[in-house]
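# Remarks on the overall topology
Take a look at the letters that make up each chain.
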Amino acid sequence: MKNTLISSSIRVLALRVGGMFLFFICTLVITNNFDAAIVGEYDFSRALLLFLGAVVLFGMHQAIIYYSGFLKSKNNLSSIKPVYIKMVVVMFIIAVALIVIAQWVKTSSVLSYFDVEFNNTASKTVLTLFFYSITLLNIDVYRALNKIILSEFYRNIIRYLPFLIGVIILYYTNNPEYLIDIFLLNFLFIGVLSTVIVFFFFSRLPQVANKITISFKEIVKRSGPMAISSMSFLLMQSVDVLMLTKFTTYEDVAYYAVTVKLTMVIAIVLSSVNAVIAPDISHLFSASKKEALRRRVQQGTKLIFVLTFPLIIVLALGSGIILKLFGEGYDVAKPALLILLIGQTINALCGSVGTYLNMTGKQVTLQTILVSALAINIVLNYVLIPVYGIVGAAIATSSSMIIWNIIAVIYVYKKDNLKTFLSL
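Residues numbered from 1 in each chain as written. Predicted model: local features only at pLDDT ≥ 70, side-chain atom pairs only at ≥ 80, totals over all residues. Heavy atoms only, no water.

Stated formally: UniProt positions are given in the numbering used here, feature names are shortened, and annotations may be inferred rather than shown by experiment.
In the annotation of an unreviewed UniProt entry, the chain is listed under the name Flippase and assigned to Patiriisocius hiemis. What the UniProt record of the chain gives under Subcellular location (unreviewed entry) is the line "Cell membrane".

## A closer look at the overall build of the chain
This is how the line gets drawn: A run of DSSP states H or I qualifies as a helix once it reaches four residues; a run of E qualifies as a strand once it reaches two. Both are numbered from the N-terminal end. As defined in this context, the radius of gyration uses C-alpha atoms, and a globule is described by 2.2 Å times the residue total to the power 0.38. Partly exposed residues are those whose accessible area sits between 20% and 50% of the maximum for their type, while under 20% is buried and over 50% is exposed, using a 1.4 Å probe and protein chains only.
In terms of regular secondary structure, the chain is built from 17 helices and zero strands. Taken over the C-alpha trace, the chain has a radius of gyration of 22 Å; the compact-globule value for 424 residues is 22 Å, and the two agree within 12%. Reported as C-alpha extents along the three principal axes, the dimensions of the chain are approximately 60 × 50 × 40 Å. Here the chain, with 424 residues, has 50% of them falling under the buried criterion.

## What about the side chain of Gln 344?
Selection criterion: Two residues form a contact once any of their heavy atoms are found within 4.5 Å.
Note on placement: Gln 344 falls in helix α14 (residues 334–349). Each residue touching Gln 344, except ones within four places of it in the same chain, is listed here: Thr 263, Ile 266, Ala 267, Leu 270 and Met 401.

## Some thoughts on the environment of Arg 204
In this structure, Arg 204 sits in the loop between α8 (179–203) and α9 (216–236). On the accessibility criterion, Arg 204 (62% relative accessible area) is exposed. Residues Arg 204 and Ser 78, spaced 126 residues apart in sequence, show a C-alpha to C-alpha distance of 8.9 Å.

## Comments concerning the packing of helix α4 (residues 80–107) against α8
To keep things clear, this is the line we draw: Simply put, an axis is a line fit to the C-alpha atoms, just over the touching stretch for a helix, and the angle between two N-to-C directions goes from 0 to 180 degrees. Small angles under 35 degrees read as roughly parallel and large ones over 145 as roughly antiparallel, with 65 to 115 read as roughly perpendicular and the rest as oblique. In this scheme the crossing of two helices becomes right-handed for a clockwise turn of the near helix relative to the far one and left-handed for an anticlockwise turn of less than a right angle.
Closest axis-to-axis distance for the α4/α8 pair is 10 Å, and the angle between their directions is 155°. When the axis of α4 is compared with that of α8, the two are roughly antiparallel. The interaxial crossing formed by α4 with α8 has left-handed handedness. Residues Ile 80, Lys 81, Tyr 84 and Ile 85 of α4 touch α8, and the partners they reach there are Thr 195, Val 198, Phe 199 and Phe 202.

## Overview of the nonpolar core
Nonpolar side chains in soluble globular proteins tend to be buried together. This is how it is decided: The nonpolar core is taken to be a set of buried Ala, Val, Leu, Ile, Met, Phe, Trp, Tyr and Cys residues, with the residues joined through side-chain atoms within 4.5 Å.
Membership of the largest hydrophobic core comes to 113 residues, with the highest contact counts inside it found for Leu 137 and Trp 404. Excluding residues within four positions of it along the chain, Leu 137 makes contact with Leu 57, Met 60, His 61, Ile 64, Tyr 84, Met 87, Val 88 and Met 91. In this structure, Leu 5, Leu 270, Ala 275 and Ile 304 belong to the second largest nonpolar core, which totals 10 residues.

## Some remarks on the environment of Thr 355
If you trace the backbone, Thr 355 turns up in helix α15 (residues 353–359). You can call Thr 355 buried: its relative accessible area is 17%. For Thr 355, the contacting residues outside a window of four places in its chain are Asn 274, Ala 278 and Ile 281.

## Topic: the environment of Leu 384
Topologically, Leu 384 is positioned in helix α16 (residues 363–388). Residue class for Leu 384 comes out buried when judged on its relative accessible area of 15%. Sequence separation between Leu 384 and Ala 394 is 10 residues, and the spatial gap between their C-alpha atoms is 9.4 Å. Ignoring any residue separated from it by four or fewer positions in sequence, one finds Leu 384 in contact with Gly 389, Gly 392, Ile 395 and Ala 396.

## Things to note about the pattern of salt bridges
Rule in force here: A carboxyl oxygen of Asp or Glu within 4 Å of a side-chain nitrogen of Lys or Arg is what we treat as a salt bridge.
This model, assessed by the stated rule, comprises eight salt bridges. When the shortest N-O distance is used, the salt bridge between Lys 124 and Asp 181 registers 3.4 Å. A residue pair is termed long-range when its members are at least 10 positions apart, and Lys 124 in helix α5 (residues 116–144) and Asp 181 in helix α8 qualify at 57 residues. Here the salt bridges do not stand alone but share partners, grouping Arg 16, Asp 140, Arg 143, Glu 152 and Arg 155 into one network.

## Digging into a nonpolar patch on the surface
Test applied: Every patch collects residues that have over 30% relative accessible area and no salt bridge, joining them within 9 Å if they carry like charges and within 5 Å if they are nonpolar side chains (Val, Leu, Ile, Met, Phe, Trp, Tyr). Surface accessibility in these figures is a Shrake-Rupley result with a 1.4 Å probe; residues are shielded only by whichever protein chains are displayed.
There is a patch of nonpolar side chains on the surface, built from Ile 85, Val 89, Ile 93, Phe 199 and Phe 216 and spanning about 410 Å² of accessible area. A per-element tally of the nonpolar patch places α4 first, with three residues. Its location among the elements puts Phe 216 in helix α9.

## Observations regarding α16
For the record, the criterion: Expected helix span is given by 1.5 Å per residue-to-residue step, counting one fewer step than there are residues. What we call the bend at a residue is the angle made by axes fitted to the seven residues finishing there and the seven residues starting there.
In this model α16 runs 35 Å from its N-terminal to its C-terminal C-alpha over 26 residues, within 8% of the 38 Å that 1.5 Å per residue would give. Of all the bends in α16, the largest measures some 25° and sits at Asn 381. Listing the buried residues of α16 in full gives Gln 363, Leu 366, Gln 367, Ile 369, Leu 370, Ala 373, Leu 374, Asn 377, Asn 381, Leu 384 and Ile 385.

## As for the packing of aromatic side chains
Condition: Pairing of aromatic rings covers Phe, Tyr and Trp, the last counted by its six-membered ring, and requires centre-to-centre distances within 6.5 Å; plane angles under 30 degrees mean stacked, over 60 mean edge-to-face, and any other angle means tilted.
As enumerated under the stated definition, the model contains 19 aromatic pairs in all. Both rings, one in Phe 130 and one in Phe 131, keep their centres 5.8 Å apart while their planes meet at 70°; by these two values the pair is edge-to-face. Relative to Phe 201, the ring of Tyr 142 lies with its centre 6.1 Å away and its plane at 85°, an arrangement referred to as edge-to-face. Taken together, the positions of Tyr 142 in helix α5 and Phe 201 in helix α8 put the pair 59 residues apart, joining distant regions of the chain.

## Topic: unusual backbone geometry
In this structure, Phe 58 is a non-glycine residue whose phi angle is positive, near 50°. Among the structural elements, Phe 58 can be located in the loop between α2 (36–57) and α3 (60–73). One non-glycine residue, Asn 417, lies in positive phi territory at about 55°. As for its position among the elements, Asn 417 is in the segment after α17 (390–416).

Given below as structure tokens:
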């Protein structure tokens, strides 16, 4: 079991690094060969898709992992198909509602100060939301069905490779104006393809006579807090940059953004292990295998520490040299980088505590903790950035990260007598 965790986590990590590489190549090709206005339009579409996509997804991608573990413990995994269909229906309703709202906003005076291209880009992006969201859901359905490598292959390779090919074609055919269309059509293609594969896997599941029925109400009740947690976490990762834009210069924003990207390498390791361990946590918890659950969580935490500690040391000791690679003046962000690394260190030492809460029916607790941490994050950024600049932003982000992790760890330890943090 331990060897499987290590090998699977390393393969997942390798695929995620591959995904980062493809994304980096896409970015380089676009920024070096397309007009800045088109690039800005693409970045706007991508940001809008990321945020509104989380609204449409509504935590379903995490809820499907929970239900797969629950149904496995009942030897009734074939009941996952009707759960999936109900999730897709809920997502479709939310997507349609957003399309209606977007059309109303477009024809009203709310966006009268934006030009036509902005509105067209927003409209096209909103129309793609359902396909983008179902792509993300399908990726986690593969994970729920124990097709972890396939899941990560879609998440990190298939999601970027067709788009990169499309970008290269646009460059050589001199049609840069279709960049947004290629970006959005990529998700329509992947959404349809991944759905076909999902139903193929469903057809191969062992069938049972007495299926377990899970209602729309139960699904929404479970996924709702997960959605709020996801959006809170997403906002915590961007509030500092938004407030820096308000209170400081664009140069400061650029310096700080580099430190955030560097520390995200550590977050990739965390998410790679969590991707492997989440279905196991749900299954073992639902089957009441407490000792096996404890061992699995501790294995995950130790693996996270082993994989992240060398990265943290390298980034800390080589911070000045690494930052200079990005250009002149970037080494001014060294104190901010070191502060962010402290937060990521505590994050790594606390292990898969957020995943544990979501997979063991404590998603409402995680929602409360993360929303509270987001509020603290916003207040600290508002107070510290005007005085300390990028160092203040780093203090605010690290502090809120440390606070929510420690509170979650204490809660799990008191509630379930289980240590998600590193324990020798």
